[in-house]
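# Per-entry structural report
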Amino acid sequence: MPPDDNIGESENFHWLLDNSPDGIVIARDGETLYVNHRMAEILGDTIENVIKASNYEYLHPDSVETVKSRTISRMSGEDVPHRYEVKVQRKDGFIRLVETNAVKIVWEGKPASLSINRDITDVKTLEAKFEALLGHAAAMSMAETIEDIAVITKDTVTKTIGFNRLSIGLVIGENLVHRYRWGINSKGDFVMPLNGPG
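Report on the accompanying structure. (Residues numbered from 1 in each chain as written. Predicted model: local features only at pLDDT ≥ 70, side-chain atom pairs only at ≥ 80, totals over all residues. Heavy atoms only, no water.)

Quick look at the packing of aromatic side chains now. Applying the stated criterion across every chain, the model contains one aromatic pair. Their ring planes at 45° and their centres at 6.1 Å tell us that Tyr34 and Trp107 sit as a pair that is tilted. Of the two residues, Tyr34 sits in strand β2 (residues 31-35) while Trp107 sits in strand β4 (residues 95-107), which places them 73 residues apart along the sequence. You can call Tyr34 buried: its relative accessible area is 9%. A relative accessible area of 7% means that Trp107 is categorised as buried. One cation-aromatic arrangement involves Lys68 over Tyr56; the distance from NZ or CZ to the ring centre is 5.1 Å. (Phe/Tyr/Trp six-rings, centres within 6.5 Å; stacked < 30°, edge-to-face > 60°. Helix = DSSP H or I, 4+ residues; strand = E, 2+ residues; numbered from the N terminus. Buried < 20%, exposed > 50% of the residue type's maximum accessible area, 1.4 Å probe, protein only. Lys NZ or Arg CZ within 6 Å of the ring centre and 35° of its normal.)

In this model, helix α5 (residues 121-142) (22 residues) spans 32 Å end to end at C-alpha, consistent with the 32 Å of a helix rising 1.5 Å per residue. Every buried residue belonging to α5 is among Thr121, Ala132 and His136, and all of these are buried. Each buried residue of α5 lies within a common arc of 65° when the element is viewed along its axis, so the set occupies one face. In this structure, α5 carries Leu126, Phe130, Glu131 and Ser141 as exposed residues pointing more than 90 degrees from its buried face. (Expected span 1.5 Å × (residues − 1). Arc of directions from axis to C-beta.)

The strands making up a sheet associate through backbone hydrogen bonding, with each pair oriented either parallel or antiparallel. Here five strands make up an open sheet; going across it, the order is β2-β1-β5-β4-β3 and the pairing antiparallel. Across the chains shown, the open sheet's two edge strands, defined by having one partner strand only, are β2 and β3 (83-89). Each strand axis lies, on average, 35° off the axis of its neighbour in the sheet, ignoring direction. When strand β1 (residues 23-28) meets strand β5 (residues 110-119), the two strands line up antiparallel, connected through five bridges. Across the sheet, the residue bridging to Val25 is Ser115, located in β5. This element, helix α4 (residues 61-75), spans β3, β4 and β5 of the sheet and lies at about 135° to β3. (Pairing = 2+ DSSP bridges. Axes fitted to C-alpha atoms, helices over the stretch in contact; angles between N-to-C directions. Contact = heavy atoms within 4.5 Å.)

As a further point, take the pairing of β4. In this sheet, β4 lies alongside β3 in antiparallel orientation, the contact comprising seven bridges. Along β4, the bridge assignment pairs Tyr84 with Thr100. A loop of five residues connects β3 with β4, the two strands running antiparallel in sequence, and Gly93 in this loop sits at a positive phi of about 95°. Of the strand pairs in this sheet, β4 and β5 are connected by 10 bridges, and their pairing is antiparallel.

A few words now on the nonpolar core. Met39, Leu43, Leu59, Val67, Val86 and Val88 are the most contacted members of the largest nonpolar core, which totals 16 residues. For this core, the secondary-structure elements that each account for two or more residues are α2 (37-43), α4 and β3. If we skip the residues at most four places from it in the chain, Leu43 touches Val50, Tyr58, Val88, Arg90 and Lys91. Leu17, Ile26, Ile105 and Trp107 belong to the second-largest nonpolar core, a separate cluster that totals eight residues. (Core = buried A, V, L, I, M, F, W, Y, C linked by side-chain atoms within 4.5 Å.)

Structure (structure tokens):
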């Protein structure tokens, strides 16, 4: 339930932070001052553990310097991008891609950094698969041989589904002939009769 109208603005603000669908972090000089439940969820840890840690502890090494330099510049009053993508490393070791939107605020009477964080890992994965499918269509239009089609199809399946074991069959006469295979140890064509056991 949202707070009553008579409750002060500070408690209203806290309620908004606590119930935000995005992960929120408030930090000052590398110290984590506040983290909401959604942010702890993204990091795969508890609110208590995240607050105890440095503000940079869950960042992937690729993103640490970017976040540090932009935070320092922002807190100094410089005009730096407030929205950008960073990698975070969850407690379980998995890496997630997060879109962060950071601004300078006053927290408990002192300047601090507030970042609103949205996990975009799944969205980026779908975008990559969609681009692979578009690339597949373009490549197929240029294919000249059955071998070309088989290789293009294998590459697309690997990019979109992640399968490395693949067999592509051709209908030749009364048989389904698996001539193009990857990750499957067998020699020669694998033949399956279309009208009988194979």
